[in-house]
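Below, each chain spelled out in residue letters.
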Amino acid sequence: MATMKKIQNKMTWFLTSSLILVLVLCVFVFSFLALTMNRRSGETINEVGQIYMSSMSEQVALHFATTINLRLSQVEALAQTHSSGYTDEARLMEELIYNAQARDFEYLALYAEDGSFEMLYGDELEVTDPAPFLASLNNGEQKIAVGTDQQGNKLALIGVSADYPMSDGRKCIALVAGLPVDYISETLSLNSVDSLVYSYIIRRDGSYVIRGQVASTDNYFDQIYGAFDADEDSQAAAERCVEELKTAMEQNADYSTVLDTGSERRHLHCTKLAYSEWNLVVVMPYGVLNQEIDE
């Protein structure tokens, strides 16, 4: 009888131990699977996010190029006015002004080799980043830039090669027409309040051409630093992102990353814009894409 009891106790202990071992093994296996699935899901979301953001940026950049191409062709048509037989300079300038105003340009100027403007109509202009604009037009290229008038209004300046006579006897190197810079943001819907993404147009030094709705700094690089938590590791991550972004812009290369700011994650994509020294930056909160995938 005692022997049977010992055997039962051993069997009970064995079954209990086996059950505990199986439970522990199940917990381990399911925990491992959950961690693996979460990691794989995160990787998948990152990959899908990069593809999605790249596609979105490409579409906006193509829209930008199409819009600017249209405006460049209009200014180029103006620049060819003098080839149609005008010999009276005053009549020629009147015709230029009339045709430019008919195309809704708010400024028109002759642009000299030294970077000075001779205004045909509109306030005096100043190019915000004159060196690349002047260099491109001196090389006979088409170029756009941002400038300001005497009232401080920001303008999109569109320049094409031309050789009209100037009042001081020189010939200009380009004809430059101007539009409010809001024309670009409205055409590309960059400031739409219903948009799920934040869009900016910046220069290589991080300064804004178009700030977007949520910009709270005067430089986009400062915007990145401010988005990260204040601890040392987060600021180091921000520094790496800024340096990688600078390098990509200097090389005219696309750049994609996921910003883990400490409090949230964001997809970021940067791409070069045609006819300019500008880059388009598109940022989307991580949860937006996650929600779209779930749906």
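What you are looking at is a predicted structure, and each value in this text was computed from that prediction instead of being measured.

Draft legend 1. How the structure looks around empty space enclosed by the protein. For the coordinates displayed, the defined rule picks out 2 cavities of 30 Å³ or more. Approximately 80 Å³ is the volume attributed to the largest cavity. Taken together, Val127, Asp129, Pro132, Phe133, Lys143, Ile144, Ala145, Val146, Arg203, Glu277 and Trp278 make up the lining of the largest cavity. Where the lining of the largest cavity is concerned, the elements lending two or more residues are α3 (130-138) and β4 (143-149). Here the element with the most residues in the lining of the largest cavity is β4; it accounts for 4 residues. Looking at the lining of the largest cavity residue by residue, the classes come out as 7 nonpolar, no polar and 4 charged. If you add up the space inside the second largest cavity, you get close to 60 Å³. For the second largest cavity, the full set of lining residues is Tyr200, Tyr220, Gln223, Ile224, Ala227, Leu259, Arg266 and Val283. Residue contributions to the lining of the second largest cavity peak at 4 residues, all from helix α5 (residues 220-227). In terms of residue class, the lining of the second largest cavity is built from 6 nonpolar, 1 polar and 1 charged.

Criteria and thresholds
The residue numbering used here restarts from 1 in each chain and proceeds along that chain's sequence as written. Per-residue local features are limited, in this predicted model, to residues with pLDDT of at least 70; the limit for side-chain atom pairs, both in listing and counting, is 80 or more; totals at the level of whole chains, interfaces and linings are taken over all residues. The side-chain quantities take in all heavy atoms of the structure and omit both hydrogens and water. Any residue with an atom within 4 Å of a point lines the site, the site being either a cavity, points on a 1 Å grid over the protein atoms alone where a 1.4 Å probe fits but cannot get out, or a pocket, an open set with protein on both sides within 12 Å along at least 5 of 7 lines. Grid points are joined across faces, edges and corners, and a volume is the space filled by probe spheres set on the points. Helix numbers and strand numbers start at the N terminus; a helix is a DSSP run of H or I with at least 4 residues, a strand a run of E with at least 2. Think of it as three bins: nonpolar holds Ala, Val, Leu, Ile, Met, Phe, Trp, Tyr, Cys and Pro, charged holds Asp, Glu, Lys and Arg, and polar takes everything else, Gly as well.

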